[in-house]
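# Observations on chain architecture
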Amino acid sequence: MAMTCLNNRKNDSLILSTIDELVPLDHKVRELEEAIDWNFIYPLVRPLYSSFGRPSIDPVVLFKMLFINFAFGIHSMRRTCEETKVNLAYRWFLGYGLHEAIPHFSTFGKNYTRRFKDTDLFEQIFERILQEAYQCGFVEDEKLFIDGTHIKANANTHKYRDEVITKAAKAYEKELQEEITEDRARHEKKPLKDRAEVIEEIHRKVSTTDPESGYFHKGEHKKVFAYTANTCCDRNGFVLDFEVSPGNVHDSVSFWPLYERLRNKEDARYIVMDAGYKTPAIARIIIEDGKVPVMPYTRPMTKDGFFKKYEYVYDEYYDCYICPENQILRYSTTNREGYREYKSNAMICESCANRYRCTESQNQTKLITRHVWEPYMEQVEDYRHMR
């Protein structure tokens, strides 16, 4: 077979065809166009536009470009606009002819920072498309899967300012303090000082480029300014809700506003999460809502060669712990974080042969903590062993 060489062929041949004919029938943009009736966007955005003046860019085009950006993994809107200029499928999807100018990326950005800012327009569009998925029977929300991922912010890590801020109260702070007060009363302990009188301040690095992001560092990851996106999906991968927070906010904190919206889903029976959400407060709220928290096993954070916490047996009747040497750790106090403290007898521990497998404290006293909501965590473990 003779070799073919196309190097000298000119690419100036005329093509008599429509853009519709040139877009493959199995292209993803056809699926997007057929799956969604985009006309519902016009009534939502009409109050944001003037009734006179020069014609604007079609608002549906602005939102369709977002779908191109995410569906095809393009990492910036600038790149999306450049790709659309030469991609017939993208032009067809947006309704632009071959010789029509594609919106400049800066024009695109100004609409989002000026016209659509501080509106719930994106949430309305999200909910509308999600409802169509529900109506088609695609969504199965008996099992809800929640997970968080970090998204790097477009911010220079060397441009920041140090700020001292007041630590925000936990979403469940009131219920926890009431529980602590009752628990201390049962143990004949005085109430703690009102939390409102205790001002906790923390130091934060705040980006001067993107102040809403958070300084994130986890394990071996590079220190960057980032966001945390906590997303709830069904078993088929449909996103049901989400919560975006600064990257230095832990998953167990950003969980609360997300779950507050998910509580109304009557069909939801199981809430599946990773270990980042495994806290007594989260276990409590899910169980009290009549749902089942599905959380993984977490290994005890104990040094090698030391007794694990599960080797200390809790006696619920006498409210004490029994160590591997059959000695008692008695209740001492309930601290402000909601943990009961159980301490051993230092005189007994001093002569114990296994003391160095138990504690390294200078006062030779073993301390074990147990949260006032620990029974909910034990119930989570019971669920984990169910088949």
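Residue numbers run consecutively from 1 along every chain, following the written order of its sequence. The model is predicted, so local features are restricted to residues of pLDDT at least 70 and side-chain atom pairs to those at 80 or more, both for listing and for counting; the totals for chains, interfaces and linings are taken over all residues. Excluded from the side-chain calculation are hydrogens and water; included are all heavy atoms of the structure.

## Details of the packing of helix H11 (residues 280-288) against helix H13 (residues 374-384)
The axes used here are C-alpha line fits, helices contributing only the stretch in contact, and every angle between their N-to-C directions lies in the interval 0 to 180 degrees. Working definition: helices are DSSP H or I runs of at least four residues, strands are E runs of at least two. Numbering for both runs from the N terminus. Running from amino to carboxyl end, H11 crosses H13 at an angle of 70 degrees, the nearest separation of the two axes being 8 Å. The angle between the axes of H11 and H13 places the two elements in the roughly perpendicular class. By crossing handedness, the relation of H11 to H13 is classed as left-handed. Contacts from Pro 280, Ala 283, Arg 284, Ile 287 and Glu 288 in H11 reach Tyr 376, Met 377, Gln 379, Val 380 and Tyr 383 in H13. Lys, Arg, Asp and Glu make up the charged group, whereas Ala, Val, Leu, Ile, Met, Phe, Trp, Tyr, Cys and Pro make up the nonpolar group; the residues left over, Gly among them, are polar. Each residue belonging to the contact of H11 with H13 can be placed in one class, and the counts come to seven nonpolar, one polar and two charged. Roughly parallel means an angle under 35 degrees; roughly antiparallel means over 145; roughly perpendicular covers 65 to 115; every other angle is labelled oblique. Whether a crossing is left-handed or right-handed is set by the direction in which the near helix is turned from the far one by less than a right angle, anticlockwise for left-handed and clockwise for right-handed. Contact criterion: two residues are considered in contact whenever any of their non-hydrogen atoms come within 4.5 Å of each other.

## Overview of the pairing of strand S5 (residues 224-233)
With respect to burial, S5 is a largely interior element, nine of its 10 residues being buried. For strand S1 (residues 143-152) and S5, the ladder comprises eight bridges, and the chain directions are antiparallel. Bridge assignment links Lys 152 to a residue of S5, and that residue is Ala 226. In this structure, S5 lies alongside strand S6 (residues 239-246), joined through seven bridges in antiparallel fashion. When the sheet's bridge partners are listed, Thr 231 is paired in S6 with Phe 242. Summary of the burial criterion: residues with accessible area below 20% of their type's maximum are buried, those above 50% are exposed, and those between are partly exposed, where the area comes from a 1.4 Å probe applied to protein chains only. For two strands to count as paired, DSSP must find a minimum of two bridges between them.

## Quick look at the pattern of salt bridges
Salt bridge, as used here, is a side-chain nitrogen of Lys or Arg placed within 4 Å of a carboxyl oxygen of Asp or Glu. All chains considered together, the criterion is met by 21 salt bridges. The shortest N-O distance in the salt bridge between Lys 170 and Glu 337 comes to 3.5 Å. Highlighted residues: Lys 170 in the loop between strand S2 (160-166) and helix H9 (173-186) and Glu 337 in the loop between strand S11 (328-334) and strand S12 (339-343), separated in sequence by 167 residues. The partner of Arg 370 in a salt bridge is Glu 378, and the shortest N-O contact between them spans 3.0 Å. With relative accessibility at 7%, the residue Arg 370 sits in the buried group. Residue classification places Glu 378 among the partly exposed positions, given a relative accessible area of 35%. Residues participating in the shared-partner salt-bridge network are Asp 183, Arg 186, Asp 319 and Arg 340.

## Re unusual backbone geometry
Phi angles above zero are rare outside glycine, and Asp 319 is one such case at about 50 degrees. With respect to the helices and strands, Asp 319 occurs in the loop between strand S9 (313-315) and strand S10 (320-322). Note on Asp 319: relative accessible area 15%, which makes it buried. Located in the positive-phi region is Asn 326, a residue other than glycine, with phi close to 65 degrees. Counting through the fold element by element, Asn 326 comes out in the loop between S10 and S11. Overall, the relative accessible area of 62% leaves Asn 326 in the exposed class.

## Considerations on the environment of Tyr 259
Following the sequence through the fold, Tyr 259 ends up in helix H10 (residues 251-262). Relative accessible area serves as the criterion here: at 1%, Tyr 259 is assigned to the buried category. Sequence separation of Tyr 259 and Ile 285 is 26 residues, and the distance between their C-alpha atoms is 9.5 Å. Each residue touching Tyr 259, except ones within four places of it in the same chain, is listed here: Ile 285, Ile 286, Asp 289 and Lys 291.

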